[in-house]
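Examination of the molecular architecture
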Amino acid sequence: MAHYLVIVESPAKVKTIKKFLGSNYTVAASQGHVRDLPKSSLGVDIEHDYEPKYITIRGKGDILASLRKEVKKSDKVFLATDPDREGEAISWHLAAALKLDEKKMRRITFNEITKNAVKASLKAPRDIDMNLVDAQQARRVLDRMVGYMISPLLWAKVKRGLSAGRVQSVALRLVADREEEINAFIPDEYWTLDAVLKIKGEKRPLVARFYGTDKKKITIHSENELNDILHKIENADFKITDIKTTERIRKAPLPFTTSTLQQEAAKALNFGTQKTMRIAQQLYEGIDIKGNGTVGVITYLRTDSTRIADEADAAAREYISVNYGNEYAAARHEASSSGKKIQDAHEAIRPTDITRTPASLKDSLTRDQFRLYQLIWKRFAASRMNPARYEATSVRIGAEEYCFTVSASKLLFDGFRSVYTEADEEKEESNVLVGNLSMDSVLTKEELDPKQHFTQPPAHYTEASLVKALEELGIGRPSTYAPTISIILGRRYVTKEAKNLYLTEIGEVVNNMMKQSFPSIVDVNFTANMEGLLDMVEEGKVEWKEIIRNFYPDLEDAVKKAEKELETVKIEDEVTDVICEECGRNMVIKYGPHGKFLACPGFPECRNTKPYLEKIGVPCPVCGKDVVIRKTKKGRRYYGCEDNPECEFMSWQKPSREKCPECGGYMVEKGNKLVCANEKCGYVTSLDKKKE
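Every value quoted in this text rests on a predicted model; they were computed, and no experiment measured them.

**A closer look at empty space enclosed by the protein**
A complete count under the given rule lists 1 cavity of 30 Å³ or more for this structure. If you add up the space inside the largest cavity, you get close to 40 Å³. In this structure, the largest cavity is lined by Glu-505, Lys-596, Tyr-612, Glu-614, Ile-629 and Lys-631. Its residues assigned to classes, the lining of the largest cavity comprises 2 nonpolar, no polar and 4 charged.

**Concerning the sheet that holds strand S23 (residues 614-619)**
Taken in spatial order, the 4 strands make up an open sheet running S23-S24-S25-S26, and their pairing is antiparallel. Bordering the open sheet on either side are S23 and strand S26 (650-651), each of which pairs with just one other strand. As defined by bridge partners, S23 adjoins strand S24 (residues 626-631) across 3 bridges and the pair is classed as antiparallel. Following the sheet pairing, Lys-615 is matched in S24 by Val-628.

**Quick look at the sheet that holds strand S10 (residues 206-213)**
In any sheet, the strands associate via hydrogen bonds between backbone groups, in a parallel or an antiparallel arrangement. Read from one edge to the other, the open sheet built from 6 strands follows the order S11-S14-S15-S10-S9-S16, with strand pairing classed as antiparallel. A single partner strand is all that each edge strand has here, and the edge strands are strand S11 (239-250) and strand S16 (443-454). Strand-to-strand twist across the sheet, computed as the mean angle between neighbouring axes with direction ignored, equals 30 degrees. Sheet topology note: the strand S14 (residues 388-399)/strand S15 (residues 402-413) ladder contains 11 bridges and is antiparallel. When the bridges of S15 are listed, Arg-396 appears paired with Thr-405. Together, strand S9 (189-199), S10, S14, S15 and S16 form the strand contacts of helix H7 (residues 223-233), whose direction differs from that of S9 by roughly 20 degrees.

**What about the packing of helix H5 (residues 130-157) against helix H15 (residues 505-517)?**
The geometry of H5 relative to H15 is characterised by a closest axis approach of 11 Å and an angle of 125 degrees between their N-to-C directions. With respect to H15, the axis of H5 lies oblique. Pair H5 / H15 crosses with right-handed handedness. On H15, the residues touching Ile-150, Leu-153, Leu-154 and Lys-157 of H5 are Val-510, Met-513 and Met-514. For the contact of H5 with H15, the residue count by class is 6 nonpolar, no polar and 1 charged.

**Concerning the pattern of salt bridges**
By the definition in use, this model includes 41 salt bridges. Between Glu-51 and Lys-545 there is a salt bridge; the shortest N-O distance is 2.3 Å. On the criterion of sequence distance, the pair formed by Glu-51 in strand S5 (residues 51-52) and Lys-545 in helix H17 (residues 544-567) is long-range, its members being 494 residues apart. In this structure, Lys-73 engages Glu-70 in a salt bridge whose closest nitrogen and oxygen atoms are separated by 3.5 Å.

**Quick notes on the packing of aromatic side chains**
Ring pairs (aromatic) are described by centroid distance and by the angle formed between their planes. For the structure shown, the criterion picks out 14 aromatic pairs. Relative to Tyr-300, the ring of Tyr-284 has its centre 5.2 Å away and its plane inclined at 65 degrees; by these criteria the two rings are edge-to-face. With Tyr-284 in helix H9 (residues 273-285) and Tyr-300 in the loop between strand S13 (293-295) and helix H10 (310-324), this residue pair connects regions lying 16 residues apart in the sequence. For Tyr-284, a relative accessible area of 0% gives the class buried. Ring geometry for Tyr-638 versus Trp-652: centroids 5.9 Å apart, planes at 75 degrees, classification edge-to-face. Here Trp-652 lies in the loop between S26 and strand S27 (655-659) and Tyr-638 lies in strand S25 (residues 637-641), a separation of 14 residues in the sequence.

**So, helix H2 (residues 61-73)**
Taking 1.5 Å of rise per residue, the 13 residues of H2 would be expected to cover 18 Å, and the 19 Å separating its terminal C-alpha atoms lies within 8% of that figure. Looking only at H2, the buried set comprises Ile-63, Leu-64, Leu-67, Glu-70 and Val-71. The buried residues of H2 occupy one face: seen down the axis, they fall within an arc of 120 degrees. In H2, the exposed positions angled more than 90 degrees off the buried face are occupied by Asp-62, Lys-69, Lys-72 and Lys-73. Against the buried residues of H2 lie strand S1 (4-8), strand S2 (25-29), strand S6 (55-56), strand S7 (76-79) and helix H3 (85-97).

**So, a positive patch on the surface**
Residues Lys-15, Lys-19, Lys-115, Lys-119 and Lys-123 make up a contiguous surface patch of positive charge. Of all the secondary-structure elements, those providing two or more residues to the positive patch are helix H1 (11-20) and helix H4 (115-123). Sort the elements by how many residues they give to the positive patch and H4 lands first, with 3 residues. One can find Lys-19 in helix H1.

**Let's talk about the nonpolar core**
By size, the foremost hydrophobic cluster in this structure holds 63 residues, and its most contacted members are Phe-110, Leu-283, Val-297, Ile-298 and Leu-372. The element contributing the most residues to this core is helix H12 (residues 367-383), with 9 residues. In terms of nonpolar packing, the next biggest core, distinct from the first, is built from 55 residues, Val-167, Leu-466, Leu-501 and Met-513 among them.

**Structural notes on the layout of surface pockets**
Of the pockets and cavities examined, the largest pocket occupies roughly 1400 Å³. Lining the largest pocket are 44 residues; nearest its centre among them are Glu-86, Arg-140, Asp-143, Pro-483 and Ile-487. Residue contributions to the lining of the largest pocket peak at 7 residues, all from H5. Looking at the lining of the largest pocket residue by residue, the class counts come to 13 nonpolar, 15 polar and 16 charged.

**Focus: the pairing of strand S28 (residues 666-670)**
With 2 bridges joining them, S27 and S28 adopt antiparallel strand pairing. When the sheet's bridge partners are listed, Lys-659 is paired in S28 with Tyr-666. The antiparallel pairing of S27 with S28 creates a hairpin that spans 6 residues between the two strands, and Gly-664 there sits at a positive phi of about 80 degrees. Here S28 runs beside strand S29 (residues 673-676); their pairing, made up of 4 bridges, is antiparallel.

**Notes on unusual backbone geometry**
Residue Pro-604 is bonded to the preceding Phe-603 through a cis peptide linkage, with omega at 10 degrees. As for its position among the elements, Pro-604 is in the loop between strand S21 (595-599) and strand S22 (609-611). Residue Pro-645 follows Asn-644 across a cis peptide bond; omega there is 10 degrees. Tracing the chain through its elements places Pro-645 in the loop between S25 and S26.

**Let's talk about H7**
Residues separated by three or four positions in an α-helix point in the same direction, a consequence of the helix having 3.6 residues per turn. Considered for burial, the residues of H7 that qualify are Leu-226, Ile-229 and Ile-233. Taken around the axis of H7, the buried residues stretch over an arc of 65 degrees, which confines them to a single face. Exposed side of H7, more than 90 degrees from the buried face: Asn-224 and His-231 are the residues found there. Elements in contact with the buried residues of H7: S9, S10, S14, S15 and S16.

Cut-offs and rules
- Residues numbered from 1 in each chain as written.
- Predicted model: local features only at pLDDT ≥ 70, side-chain atom pairs only at ≥ 80, totals over all residues.
- Heavy atoms only, no water.
- 1 Å grid on protein atoms, 1.4 Å probe; cavity = no way out; pocket = protein on both sides within 12 Å on 5 of 7 lines; lining within 4 Å.
- Points joined across faces, edges and corners; volume = space filled by probe spheres on them.
- Nonpolar A, V, L, I, M, F, W, Y, C, P; charged D, E, K, R; others polar.
- Pairing = 2+ DSSP bridges.
- Helix = DSSP H or I, 4+ residues; strand = E, 2+ residues; numbered from the N terminus.
- Axes fitted to C-alpha atoms, helices over the stretch in contact; angles between N-to-C directions.
- Contact = heavy atoms within 4.5 Å.
- Parallel < 35°, antiparallel > 145°, perpendicular 65-115°, else oblique.
- Left-handed = near helix turned anticlockwise from the far one by under 90°.
- Salt bridge = Lys/Arg side-chain N within 4 Å of Asp/Glu carboxyl O.
- Phe/Tyr/Trp six-rings, centres within 6.5 Å; stacked < 30°, edge-to-face > 60°.
- Buried < 20%, exposed > 50% of the residue type's maximum accessible area, 1.4 Å probe, protein only.
- Expected span 1.5 Å × (residues − 1).
- Arc of directions from axis to C-beta.
- Patch = residues over 30% accessible without salt bridge, like charges linked within 9 Å, V, L, I, M, F, W, Y side chains within 5 Å.
- Areas by Shrake-Rupley, 256 points an atom, 1.4 Å probe, with all protein chains shown as cover.
- Lys, Arg positive; Asp, Glu negative; His and termini not counted.
- Charge placed at Lys NZ, Arg CZ, Asp CG, Glu CD.
- Core = buried A, V, L, I, M, F, W, Y, C linked by side-chain atoms within 4.5 Å.

What follows is the structure in structure tokens.
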């Protein structure tokens, strides 16, 4: 009887797939990549048309030896690595490392690890898709060139162990640019005005918000403007001038892609991107379900498609009709053709079987697995349901020349919301309108309620919003979002506090150097264009080495130019007047993973180090001692008094020596402006004028 070998990537899949196949199949794992570029050198032969020099990854020799033994025993080898560029490349490397005979080697892919999917894939084997492999090779070589040619410059300029990367450097720049925006933001004052109105014959009052005039919306910018309006409507009659009732719908969400899953898991479950991917991988590779054995419960987790297979679509609509009612099931979804090859048109992330409800799996899953599976299941079920319908009522109320509005909505049909609501979905309007409201209703003013507000700066990036930004800008792909964020956090270029991402001192140094010496590498459009070219390689429209031939000479020129400029900057340790209490030498400033610190130049005999408190030449507004740059435990920079904890002064913005001419308080630098630290004062002047 013929014997077949199926090679997958991870040992977890071996267990799952073995169950689906007969005794004439052996299933083995490559445990990821088996060949890669060497760590010790660039690994790309520049002289010979950028040919990559692949070597066996250290530690993979035994795995390859054991796979070779299995290959000898087998009549046919099926390469069943993941269904994406990376998986295709692993299959190609396996074929080369195992010296597989083309006649007995076939490539199979499945989007979910279920019996039907695996059996179907064996009936439709194919050749290795070299366009996919070449797209992966191009990405690998580009990333290697950026990393290996720029990182040594960072080592020389800043500290050893730093790295630059094609996608990570752009992600770092996004965080840095956002931080700059926040630091330069100056809040604007505005006011809201609510009218609390009594309706004749009703117990509950009506609260209407100031809109403007009948013709246009008015923003109240100051207390003077507010007082002007209050004066005009002091004795005004409030009358209903218009009542409009319309029906609106809220469409069901699309099923998850990698990016939307990472974003929603961050908001709803507080999962980091890496954690989401790790747990999704476990759900995809197989869960031991009581009574069913091991089975993959979700489809492949790296995808940017929202397409759903016809059978899964039909099964979901049938399940919804039976369990929720026919009126909940949406009409058949037409698969939108995005022009992509079907080979790569992965499905969205969905449960492999809609009837496997989260409740039925609860005992087989860990808490985190259950929470993520429930999120995926609910989102998929919702995507196959009808929209929610609302009756929206808006009321306009006139007072002299001004107009106030009230709007409310009533849920008529919950549709998809019977199973799913998004984590940050607006709370439904709580302003339920009084039932008997009509154009003849008599209104009496009870009170006017003005409130002062200030505009808010843009929000700091979170992992979720950074993934969203990377996706919208076309940077990176589903498989790269989580590793990119992990790298900038791991290298401490960026720190995470209460979900928010902040630039660290070392991140600022690296970002400034990249912007100065390698502007194209950290240019968002350049990086997005590069992703587009890689997609064209995958589609067979561009030869992969063409990209490298165009990219390398420019990179080489930029590196040479940066090296020359760096040579003129002699990097010596800055000597301070702080004396080492252990040996009496003057301590020097060094860079560590958390930024600057003081170290004894007598290392290794004297290993004394201490925190470096950099003075900014400004007296503390509270006690008059020096203001120094400090850092939170996570590495986020702020300004505090050197006499901390005795003096508790702190400011996220850099304080100035200047006193506010309006209120006498201290001022802070925001971009090119000096702003009074007291928000209520609001005094602003140009920083440049002060410097002159």
